[in-house]
Amino acid sequence: MKKFQTLEKRIGYRFKNKQRLRAALTHPSFRYENSEVSVDNQRLEFLGDSVLGLLAADALMKTNPDAAEGDLTQMKSAMASGAALARVATEIELGDYLLLGRGESAAGGAERESNLEDALEALIGAIWLDGGLRAVRRFFDRHIFQPLKDTEPSLLNPKGTLQEFAQKNGLGVPEYKVLEQSGPDHDSLFVVEVTVSTFGFKGEGRSRREAEKKAAEKAVQSLT
């Protein structure tokens, strides 16, 4: 595994408390398999999700002074969508630094969209705690807002967007099917496939609803 210092250089922030960075990169499966590890990234993910919402709302208000509330809401939701955050995490190679349990690692957990999304939100939460608003805003602007400010707002409601597109183009009604459900109850993973005509797209998440949304996001991006 690459040294955390390399990641700090890539994200442009050096942690004062390295344990916060380590916690942000610790998947629940790693803590579950290592009794000496008492913290994973779930609490930081919760914090980071809220911080992300605040920063996105502030940035969009400033850059879209004439936009209506509904349009701002759509833009913010698109920017914070799972597909968008996973793309950012992939760009900074966050998956290379994740601490995963053996089973999760063997199953390709470092590339799972849901893991990347969670880790990025946890990283945002960790930067907020370690460096405050100024530090996390710099990270957000450089790695999230600038690359994603033109993200398609239709990703706000990918299932609805996909159904509307499919019916308008004579492709029938999208059908969702659970392909796999694995993991313990506290950390289940669902893999769902949505079929549109002859096209199939897979998504994964910690709930069936989340996995369906991820699958629909991929279908919307590909088909529209």
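For the structure itself, consult the block above.
Residues numbered from 1 in each chain as written. Predicted model: local features only at pLDDT ≥ 70, side-chain atom pairs only at ≥ 80, totals over all residues. Heavy atoms only, no water.

1. A few points about the packing of helix H6 (residues 82-91) against helix H8 (residues 113-148)
Thought 1: Between H6 and H8, whose axes approach to 6 Å, the crossing angle comes to 75°. If you check the angle between H6 and H8, you find them roughly perpendicular. Across the interface between the two elements, Gly 82, Ala 83, Ala 84, Leu 85, Ala 86, Arg 87, Val 88, Ala 89 and Thr 90 of H6 pack against Glu 113, Leu 116, Glu 117, Leu 120, Glu 121, His 143, Ile 144, Pro 147 and Leu 148 of H8.
Thought 2: Residue composition of the contact of H6 with H8, grouped by class: 11 nonpolar, 3 polar and 4 charged. (Axes fitted to C-alpha atoms, helices over the stretch in contact; angles between N-to-C directions. Helix = DSSP H or I, 4+ residues; strand = E, 2+ residues; numbered from the N terminus. Parallel < 35°, antiparallel > 145°, perpendicular 65-115°, else oblique. Contact = heavy atoms within 4.5 Å. Nonpolar A, V, L, I, M, F, W, Y, C, P; charged D, E, K, R; others polar.)

2. Points about the layout of surface pockets
Thought 1: Approximately 290 Å³ is the volume attributed to the second largest pocket.
Thought 2: Lining of the second largest pocket is provided by 20 residues; of these, His 27, Ser 29, Glu 104, Gly 183 and Asp 187 occupy positions nearest its centre.
Thought 3: Those elements that provide at least two residues to the lining of the second largest pocket are helix H3 (28-33), helix H7 (102-106) and H8.
Thought 4: Within the lining of the second largest pocket, the residues separate by chemical class into 5 nonpolar, 9 polar and 6 charged. (1 Å grid on protein atoms, 1.4 Å probe; cavity = no way out; pocket = protein on both sides within 12 Å on 5 of 7 lines; lining within 4 Å. Points joined across faces, edges and corners; volume = space filled by probe spheres on them.)

3. Overview of the pairing of strand E2 (residues 189-196)
Thought 1: Within E2, 6 of the 8 residues are buried, leaving the element largely enclosed by the surrounding structure.
Thought 2: The pairing of strand E1 (residues 175-182) with E2 spans 7 bridges and is antiparallel. Opposite Lys 177, over in E2, you have Glu 193 as the bridge partner.
Thought 3: Here E2 pairs with strand E3 (residues 199-205) via 7 bridges, running antiparallel. Residue pairing across strands places Phe 190 opposite Gly 205, the latter belonging to E3.
Thought 4: What sits between E2 and E3 in their antiparallel hairpin is a turn of 2 residues, with Ser 197 showing a positive phi close to 60°. (Buried < 20%, exposed > 50% of the residue type's maximum accessible area, 1.4 Å probe, protein only. Pairing = 2+ DSSP bridges.)

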